Each structure stands twice: as structure tokens, then as C-alpha cells.
Amino acid sequence: MKIKIGNIELANNVILAPLSGVTDPPFRRLVKKKYGAALVVSEMIASKAMVLKEKENIKKAGHNDAAETYPMSVQLAGCEPDVMAEAAKINEDKGAHIIDINYGCPVKKVTNGQFSGSAMMKDEKLAAEVLEATVKAVKIPVTLKMRMGWDHTNLNAPKLAKIAEELGIQMITIHGRTRCQFYEGSADWSFVRKVKDAVKIPVIVNGDIKTFENAKNALAESGADGVMIGRGAYGRPWFINRCAQFLNGEKITDEPTFDKQLETVLEHYESMLEHYGNEVGIRMAKKHLGWYSAGKHGSAEFRDKVFKENDPALVKSLLKNFFDAQMEMASSIDPDLQKTA
């Protein structure tokens, strides 16, 4: 069954999670256009920052890619209903197709300093006021991402989900941990079923989905309509598409060969340099290069070299040499081997 967010129908049921410092416009374009994510969501943007520093945060939101990454979802965080409403309207006017509200971020500077993110789950009245103001401010669908609750003595996601649905929220994503767990322990996919049972709108399960079996089990345990993948896409954006194929019973595309992986890495790298400029782009790309090389032969030596290099041409040369070495090693073991491991 296709997921519908208001009047927007998604192509499949695998969504890329919003991740600060990771799911920037270059990565979202790659995952959406090349690897078929049903939906990609921007990095979290503070609503007050969006209002006060519109130009800077519009670039972060990636409105120039709205057509290429349709449907484009911008995630906002904040605790002031009027400011959240204004920030949502700015994004709608700039071309966003969906506004996503963040009640899930566990980071202390967000929850303590700004009383937003998952801290909103501690104040259901204020949380409802922010949801209502945001929904009323725009004509496009508004969605919500949250955790199970602040801690295990306050597991109020089902209650907040019902409130959100009544106020016009069109889809809810649940990360199967509390705020106080941060990313420790294991995601509780079975808890998400309580949210699914409380509402009629689509529910998405999130947390610890890194394999096909994880995705299958998360859906089975939660009863959710789809999965949201975050860290599982680090260094392998192609996992999104392959996971969607697996869940939909389609023929699963082979893991990309090393030459195809190199093609993706170089495309991503060039896109980051174009988006940020060389100085910032080189720095921002380093974590991605680390993830792309992880688990491969000679990866530690490669990372030691590439992390010190600030010349884009030399970085690309190091990348080519590294992936060429993977291909040569795979061929020496078995000439007919798919060169992916």
C-alpha cells in the first residue's frame, strides 16, 4: 500500500532520515535522484534561525532542489508557536512540499538551551499549540517526528500522536528510543505499534534499521507503514533503493561494484564542493569519505592520507587509487567475483 501524506503519494515506503551535518542538499539529491528514496528530509533547522537568517537557512533547506527532490520536506524545530508558523510559511513560499516538525532531537543544546526537539514531549500543551499554529499557517502537509517519550516513565508518544492527528498532522515518524536513551541500547520497534494503533494517519518506524532483515522486522513488530533510515545509509546510499526493493518484493539490485561505488563517491564529492565551495566542502566531505571506505582493505591508511589532503584533485586521485586497489584485489581472488566486498 502506498503512503499518502495529505495529497502527496510516495513512490515507496523507505524514507531518508534527517541527520544534522549529514543529510545536506548534496546527499539528499544523491539519495533521491540516484537511489530512489520515497522522501528525503532536510537537516533540522531552528525556526527562529529560519526567520532571522532566512537566506542562510534557505540554502541549508535546499529549496533550489525542490523539483529534483520532490516531494521536498523541510524539518523545523522550535517552541514558539508564532515563530514556527512564520518559519513554515517562509518555507512553503520558497517551494517546500512538506513541513516536518522535530520533537525527537535529543541533543542537550536543543532540548535544554532551546527547549525544543524532544523536550517538547515534556509539555503536551505547548507541543499541541506549536502543531496547531504550524498546520494553520500553511496549505502544504505537516508531519511530525518524535521519540517514544522523554524517558521510560513518560512514554507519551501514543497520546501526542493522537493529539497531532486531531490537529491536522498528516504523518508521524517514531524513533524507538526515549530522549534519555540518546542512541544507546536498541530501538524498541514493538512500542511503535502503540502509536500505530492510536491513529489512522501513516506511521513510520525509525531507529537501528541497517539491514534488510532489520527493515522487515521493524515493520512486522511495529505495524508501521514504512521505515526511515538514517545511520544505515552512511557510506552506502544505495541501501535505500535496495531496501525498498526488498520490502516490496521486487528484484533486488546488486550491491554496486567498486567502479560504480567510485562513480557515486566522486559525484557526491563534486556536488559538495559545488554546494559549499572548496574550503568548506573538503572539510564537510571527510566524514562521508570515511564512511564510503569503511570495512574495505587499506581503509585506515586511506583515511589517514585523505583526511590530511586539502587539494580536491589530489583527494580524487586518492579515491581513484583506493577503489582501483579494491577492484584489483577482488579480481585476484576470483576474476568472476562481483567486485563489491
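In what follows, the structure referred to is the one given above.
What counts as what
- Residues numbered from 1 in each chain as written.
- Predicted model: local features only at pLDDT ≥ 70, side-chain atom pairs only at ≥ 80, totals over all residues.
- Heavy atoms only, no water.
- Buried < 20%, exposed > 50% of the residue type's maximum accessible area, 1.4 Å probe, protein only.
- Helix = DSSP H or I, 4+ residues; strand = E, 2+ residues; numbered from the N terminus.
- Pairing = 2+ DSSP bridges.
- Core = buried A, V, L, I, M, F, W, Y, C linked by side-chain atoms within 4.5 Å.
- Expected span 1.5 Å × (residues − 1).

**Student:** Would you mind going over the pairing of strand β7 (residues 98–103) with me for this structure?
**Tutor:** Residues in a regular strand point their side chains to alternate faces of the sheet. Of all 6 residues that make up β7, 6 are buried, and the element is covered over most of its length. Of the two faces of β7, the one holding Ile98, Asp100 and Asn102 and the one holding Ile99, Ile101 and Tyr103 are both buried throughout. Two strands pair when backbone bridges link them, and strand β6 (residues 72–77) and β7 are joined in this way by 4 bridges, in the parallel orientation. Residue pairing for β7: Val74 is matched across the bridge by Ile99. Relative to strand β8 (residues 142–147), β7 runs parallel, the two being bridged by 5 bridges. Along β8, the bridge assignment pairs Asp100 with Thr143.

**Student:** Hey, could you run me through the nonpolar core in this one?
**Tutor:** Taken as a class, soluble globular proteins show a tendency for nonpolar side chains to be buried jointly. One finds Tyr103, Leu144, Met146, Ile169, Ile172, Val205 and Ile229 to be the most contacted residues of the largest nonpolar core, which totals 66 residues. It is helix α6 (residues 124–137) that contributes the most residues to this core, 5 residues altogether. Ranked by size, the runner-up nonpolar core spans 22 residues in total, among them Phe258, Ala285, Phe302 and Phe322.

**Student:** Please explain helix α4 (residues 81–94) as it appears in this structure.
**Tutor:** Since one α-helical turn is 3.6 residues long, residues separated by three or four positions face the same way. Between its first and last C-alpha atoms α4 spans 20 Å; for 14 residues at 1.5 Å apiece the expected length is 20 Å, and the two agree. Residues of α4 that are buried include every one of Val83, Met84, Ala85, Ala87, Ala88, Ile90, Asn91 and Glu92, and no others. Looking at the residues trailing α4, positive phi occurs at Gly95, about 115°.

Taken by themselves, the reported measurements are silent on function.
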